[in-house]
Amino acid sequence: MAANSFMVPLGTPAPAFDLTAIDGGSVSLEDLKGSPATLVIFLSNHCPYVRHVEDGIAALAAGYGARLSIVAISSNDSVNYPDDDPTHLAEQAERAGFTFPYLLDETQEVAKAYRAACTPDFFLYDAQMRLAYRGEFDGSRPGNAEPVTGASLRAAIDAVLAGDPVPEEQHPSLGCGIKWKPGNAPA
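Quick caveat: nothing in here was measured; it's all calculated off a predicted structure. (Residues numbered from 1 in each chain as written. Predicted model: local features only at pLDDT ≥ 70, side-chain atom pairs only at ≥ 80, totals over all residues. Heavy atoms only, no water.)

Trainee: Give a detailed account of the state of the cysteines, specifying residues and quantitative values.
Mentor: One pass over the full model with this rule turns up one disulfide. Note on cysteine connectivity: cysteine 47 is disulfide-linked to cysteine 176, with sulfurs 2.4 Å apart. Between cysteine 47 and cysteine 176, the disulfide has an S-S torsion of 90° and is therefore right-handed. With a gap of 129 residues between them, cysteine 47 in the loop between strand 4 (37-42) and helix 2 (48-64) and cysteine 176 in strand 10 (residues 174-177) connect regions that are remote in the sequence. Here cysteine 47 and cysteine 176 have matching classes, each one buried. (Disulfide = S-S within 2.5 Å. Helix = DSSP H or I, 4+ residues; strand = E, 2+ residues; numbered from the N terminus. Buried < 20%, exposed > 50% of the residue type's maximum accessible area, 1.4 Å probe, protein only.)

Trainee: If you had to explain helix 2 to someone new, which residues and values would you point to?
Mentor: Between its terminal C-alpha atoms helix 2 stretches 25 Å, which fits the 24 Å expected from 17 residues at 1.5 Å a residue. In the structure, helix 2 departs most strongly from a straight axis at glutamate 54, where the bend amounts to approximately 45°. Taken residue by residue, helix 2 has Val50, Val53, Glu54, Gly56, Ile57, Ala58, Leu60, Ala61 and Tyr64 as its buried positions. Each element contacted by the buried residues of helix 2 is listed here: strand 4, strand 5 (69-74), helix 3 (86-96), strand 7 (118-119), strand 8 (121-126) and helix 5 (151-162). Positive phi shows up at glycine 65, right after helix 2, with a value of about 55°. (Expected span 1.5 Å × (residues − 1). Bend = angle between axes of the 7 residues up to and from the residue. Contact = heavy atoms within 4.5 Å.)

Trainee: If you had to explain the packing of helix 2 against helix 3 to someone new, which residues and values would you point to?
Mentor: Here helix 2 crosses helix 3 at 55°, and the two axes come no closer than 9 Å. On the basis of their axis angle, the class for helix 2 and helix 3 is oblique. Seen from helix 2, the contacting residues are Val50, Arg51, Glu54, Asp55 and Ala58; seen from helix 3, they are Gln92, Arg95 and Ala96. Among the residues making up the contact of helix 2 with helix 3, the classes are represented as three nonpolar, one polar and four charged. (Axes fitted to C-alpha atoms, helices over the stretch in contact; angles between N-to-C directions. Parallel < 35°, antiparallel > 145°, perpendicular 65-115°, else oblique. Nonpolar A, V, L, I, M, F, W, Y, C, P; charged D, E, K, R; others polar.)

Trainee: If you had to explain the side chain of glutamate 54 to someone new, which residues and values would you point to?
Mentor: Among the secondary structure elements, glutamate 54 is positioned in helix 2. Classification of glutamate 54 by relative accessible area gives buried; the value is 4%. With near-sequence residues (within four places) excluded, glutamate 54 lies in contact with Gln92, Arg95, Ala96 and Phe98.

Trainee: With reference to specific residues and values, describe the pairing of strand 8.
Mentor: When you tally the buried positions in strand 8, you get six out of six residues, the bulk of the element. Alternating positions in strand 8 separate into two faces, Asp121, Phe123 and Tyr125 on one and Phe122, Leu124 and Asp126 on the other, with burial throughout. If you look at the hairpin formed by strand 8 and strand 9 (residues 131-135), you'll find four residues sitting between the two strands, and methionine 129 has a positive phi there, around 60°. (Pairing = 2+ DSSP bridges.)

Trainee: Can you break down the packing of helix 2 against helix 5 residue by residue, with the values?
Mentor: Their axes nearest at 12 Å, the elements helix 2 and helix 5 cross at an angle of 20°. Classified by the interaxial angle, the pair formed by helix 2 and helix 5 is roughly parallel. Crossing handedness for the pair helix 2 and helix 5: right-handed. On helix 5, the residues that touch Gly56, Ala59, Leu60 and Tyr64 of helix 2 are Leu153, Arg154, Ile157, Asp158 and Leu161. (Left-handed = near helix turned anticlockwise from the far one by under 90°.)

Here it is in structure tokens:
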């Protein structure tokens, strides 16, 4: 079932996290500090909305290189949605060409802290780790004729990197709702 992202207030500080990566090790928010822009993306492997843009996300990451810190986080219940277990997420990362850490939010507390609602869900932070953009990758959706360009997110990243404000009119992301563990959905 499709869900829109919550429009978390701009300027909200990035919630702290320290999560295990699908390839071992861990990554924390502290590891990302010092970058002029940081992108936190909530993803899954099984969602057709994610699959529709995953190559575009990989191209965006490659295009911005070291100017942009990126992490992907999977918060889905992988027991009831085994396509989102670490093995399948690793296959997705390889298939799409992700070059950024892909992290596991097994308790789903990070998704709750970020108020993530769907996959994909994009949160862009400035150098002070304040939310500058939350919304769609672009206007492309499975089944519509719009190309996957990342135009909405790219415009926001370009503004943050230039030190300019990101326009406040932003469109929510649309995707599969996060698959909460029984009794774990936010109230």
